[in-house]
Amino acid sequence: MSVLLETQGLTKRFGGLTAVNGVSLTVRRGEVLGLLGPNGSGKTTLMNLISGALKSSEGALLINGKDMTGSAPHRIAKAGVARTFQLVKILPSLTLEENVMVPAAFGPEGLWGRALKVQVAECLDMVGLTSRAGQQASELTYIDQKRLELARALASAPKLLLLDEWLAGLNPTELHEGIRLIRELEQTGITIIMVEHIMDAVRALCPRCAVMNSGTLIADGPTVEVLSDPHVVAAYLGEEDA
Ligand SMILES: Nc1ncnc2c1ncn2[C@@H]1O[C@H](COP(=O)(O)OP(=O)(O)OP(=O)(O)O)[C@@H](O)[C@H]1O
């Protein structure tokens, strides 16, 4: 598997606070990487650096071998990165179809006409929302809002999908559905980095995980090994285990 994403000593300072501190991470095509760590350890900031929402203070970001350090979010999106947010971002007054149409038409793919229709239909189908395409987004349940957000992220046909606690807040049945959905996505060959606190989901979906603490990467390896590392368990995961 070839390398899709590489961060080299990526660092982000907010005034005197170093939120991400020299993180070097390599993600290969088709991998599903779990990004773990206690609250405030820098996971979302790292996702923001990868998506271009934040510019790094130091270090480099390479996507598909290309140096994208300091690039604007739309350039990084064009390079194949899409994301979901911790707090769902959908357009409540629009239909589901329109919600997906917006990023498909105005995102890096810039689709129109028949190609746009096909892409919207495929994305809604991938997340199981085809039968509700014409419904208004405000009418959706929480899990369906999450599905829609995922469809919006998929609209730009990303190579790398960043999921920021996409499974958070789901009840056990919904969680089961959510895990199944991510597994289906994985089978399409897409590369995924998922920030996740739900350890059952991490075990089910991520063969590899990386753990952050106070902005620093403290573990990176096969999930079984990382999660059973006594230091990781005791210091960072014990209280979070679901
Ligand atoms: N825009 C900002 N300005 C100042 N400080 C920030 C900013 N964004 C994040 N931080 C700080 O950076 C640190 C890392 O935050 P971050 O949100 O990346 O952690 P996290 O691991 O994603 O936490 P959580 O699991 O709670 O979402 C925290 O101390 C946070 O308060």
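What you see is a predicted model; the values in this text were computed from it and never measured.

Rules and cut-offs
- Residues numbered from 1 in each chain as written.
- Predicted model: local features only at pLDDT ≥ 70, side-chain atom pairs only at ≥ 80, totals over all residues.
- Helix = DSSP H or I, 4+ residues; strand = E, 2+ residues; numbered from the N terminus.
- Rg over C-alpha atoms; globule rule 2.2 N^0.38 Å.
- Buried ≥ 20, exposed ≤ 12 C-beta atoms within 10 Å, placed from the backbone.
- Contact = placed C-beta atoms within 7 Å.
- Near = placed C-beta within 6 Å.
- Nonpolar A, V, L, I, M, F, W, Y, C, P; charged D, E, K, R; others polar.
- Domains from an automatic or database assignment.

1. Here's the deal with the overall build of the chain
Right, so step 1: When you go through the chain residue by residue, the secondary structure sums to 9 helices and 10 strands.
Right, so step 2: Relative to the compact-globule value of 18 Å for 242 residues, the chain shows a C-alpha radius of gyration of 18 Å, a close match.
Right, so step 3: Within the chain, the proportion of its 242 residues that are buried is 42%.
Right, so step 4: Nonlocal contacts in the chain, meaning residues at least 24 apart in sequence, comprise 66% of its contacts between residues at least 6 apart.

2. Details of the site of the ligand
Right, so step 1: Every residue near the ligand is listed here: Phe14, Leu17, Ala19, Gly37, Asn39, Gly40, Ser41, Gly42, Lys43, Thr44 and Thr45.
Right, so step 2: Looking at the shell around the ligand, the elements with two or more residues in it are β2 (17–28) and α1 (43–51).
Right, so step 3: Broken down by element, the residue count for the shell around the ligand peaks at 3 residues, all from α1.
Right, so step 4: Here the residues of the shell around the ligand are counted per class, giving 3 nonpolar, 7 polar and 1 charged.

3. Thoughts on the domain arrangement of the chain
Right, so step 1: Parsing the chain into structural domains produces domain 1 (1–80 + 158–242) and domain 2 (89–157).
Right, so step 2: Measuring from the centre of the C-alpha atoms in domain 1 to the corresponding centre in domain 2 gives 24 Å.
Right, so step 3: Of all the secondary structure elements, the ones that give two or more residues to the side of domain 1 that touches domain 2 are α2 (73–78) and α6 (172–186).
Right, so step 4: With 4 residues, the top contributor of residues to the side of domain 1 that touches domain 2 is α6.
Right, so step 5: Residues that form the side of domain 1 that touches domain 2 fall into these classes: 6 nonpolar, 2 polar and 3 charged.

4. Regarding the environment of Gln86
Right, so step 1: Within the secondary structure layout, Gln86 lies in the loop between β6 (81–83) and α3 (96–106).
Right, so step 2: Gln86 gets classed as partly exposed once you count the C-beta atoms within 10 Å, which come to 15.
Right, so step 3: Along the primary structure Gln86 and Arg29 are separated by 57 residues, whereas in three dimensions their C-alpha atoms are 24 Å apart.
Right, so step 4: Filtering out sequence-adjacent residues up to four positions away, Gln86 remains in contact with Thr44, Asp164 and Glu165.

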